[in-house]
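# A structural walkthrough
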Amino acid sequence: MEAAAAKPVIRVAAICGSLRKASYNGGLLRAAAEVCEQSIPGLRVEHVDISGLPLLNTDLETNGGAGFPPAVEAFREKVRQADCFLFGSPEHNYSIASPLKNALDWASRGKNCWADKPAAIVSAGGGFGGGRSQYHLRQVGVFLDLHFINKPELFVKAFEQPPKFDSDGNLIDAEIRERIKQVLLSLQAFTLRLQKKD
């Protein structure tokens, strides 16, 4: 019983590429946190806010590129402390939204804080449901040495009927909530597998 109680909790840093309060991608991440609390023991999703990060500018770095503005250093520390990542990635012009790209870049400066950690992506949008942003994020992740789960994928066509979100951006679709659970279970299993190799 004591060994079961001491089982470590996997810390998932949830990072949303949209800064909008009622963001559907933010809604997916909030739903992920709720799913973990309700039905996935040993997995905890914590939102990591990127809205306060300055635009990447290496003139802001100090100490020969090893020092960063306070908001950037605080963000980098949260990335370092995480066991894995869940990205809510909106699609802007066939690519990753600029706030997310900015966050990825800041945490890769100097010592790469993303390296050798597992990750998953969810997205909501029109048409392809944000799919192009996911594939571009996977491409960026190759250089960052992020290890993405391959399946399941989750692309939510946010503007098709019936409604998937309420006016505050909260997920109200039970089927998508179940699909988020499957993404999280895959991320949990993959994280545990990689940790055993260390």
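Below you will find a few notes about this structure. It should be emphasised that the depicted structure is a prediction, and the values quoted were computed from it without experimental measurement. Counting starts from 1 at the beginning of each chain's written sequence and moves along it residue by residue. For a predicted model such as this one, the threshold for reporting local features is a pLDDT of at least 70, and the threshold for listing and counting side-chain atom pairs is 80 or more; totals across whole chains, interfaces and linings nevertheless cover every residue. For side-chain calculations, the full set of non-hydrogen atoms in the structure is used, while hydrogens and water are omitted.

### Details of the nonpolar core
Val-12, Leu-28, Leu-86, Ile-180 and Leu-184 are the most contacted members of the largest nonpolar core, which totals 32 residues. The set of elements that each furnish at least two residues to this core consists of strand E1 (10-16), helix H2 (24-39), strand E2 (43-47), strand E3 (84-88), strand E6 (117-125) and helix H6 (174-197). In contact with Leu-86, other than residues within four places in its own chain, are Val-12, Ala-13, Ala-14, Ile-15, Leu-29, Ala-32, Ala-120, Ile-121, Val-122, Val-183 and Leu-184. In this structure, Ile-50, Val-79, Ala-103 and Leu-146 belong to the second largest nonpolar core, which totals 27 residues. Definition of nonpolar core: a set of buried residues of the types Ala, Val, Leu, Ile, Met, Phe, Trp, Tyr and Cys, connected through side-chain atoms within 4.5 Å. Three exposure classes are used, based on accessible area relative to the maximum for each residue type with a 1.4 Å probe and protein chains only: buried under 20%, partly exposed in between, and exposed over 50%. Where helices and strands are cited, they refer to DSSP runs of H or I of at least four residues and of E of at least two residues respectively, numbered from the N terminus. Here, two residues are considered to be in contact whenever any of their heavy atoms come within 4.5 Å of each other.

### Re the packing of helix H4 (residues 98-106) against helix H5 (residues 131-144)
With their axes 11 Å apart at the nearest point, H4 and H5 run at an angle of 10° to one another. The pairing of H4 with H5 is recorded here as roughly parallel in orientation. Between H4, through Leu-100, Lys-101 and Leu-104, and H5, the contact on the second element is made entirely by Leu-137, Val-140 and Leu-144. Lines fitted to C-alpha atoms define the axes, with helix axes restricted to the stretch in contact, and inter-axis angles between N-to-C directions lie between 0 and 180 degrees. Convention used here: angles under 35 degrees read as roughly parallel, angles over 145 as roughly antiparallel, angles from 65 to 115 as roughly perpendicular, and any remaining angle as oblique.

### Section: helix H3 (residues 70-81)
By this rule, a helix spans an expected 1.5 Å times one less than how many residues it contains. Compared with the 16 Å implied by 1.5 Å per residue over 12 residues, the 17 Å span of H3 between its first and last C-alpha is a close match. Taken as a whole, H3 has its buried residues at Val-72, Phe-75, Arg-76 and Val-79. Along the long axis of H3, the arc covered by the buried residues comes to 100°, so they all point the same way. On its buried face, H3 sits against E1, E3, H4 and E6. Arc definition: it is the arc formed by the directions from the helix axis to the C-beta atoms.

### Focus on the environment of Glu-153
Mapped onto the fold, Glu-153 is located in the loop between strand E7 (146-148) and strand E8 (155-157). Taking relative accessible area as the criterion, Glu-153 reaches 31% and is therefore assigned partly exposed. Among all residues touching Glu-153, those that are not within four sequence positions of it are Tyr-135, Arg-138 and Arg-179.

### Quick notes on the packing of H2 against H6
Between H2 and H6, whose axes approach to 9 Å, the crossing angle comes to 70°. Accordingly, the angle class assigned to the pair H2 and H6 is roughly perpendicular. Of the residues in H6, those in contact with Leu-28, Ala-31, Ala-32, Glu-34, Val-35, Cys-36 and Ser-39 of H2 are Ile-176, Arg-177, Ile-180, Lys-181 and Leu-184. For this classification, Asp, Glu, Lys and Arg are treated as charged, while Ala, Val, Leu, Ile, Met, Phe, Trp, Tyr, Cys and Pro are nonpolar and the rest, including Gly, are polar. When grouped by side-chain class, the residues that make up the contact of H2 with H6 number 8 nonpolar, 1 polar and 3 charged.

These figures capture arrangement, not role.
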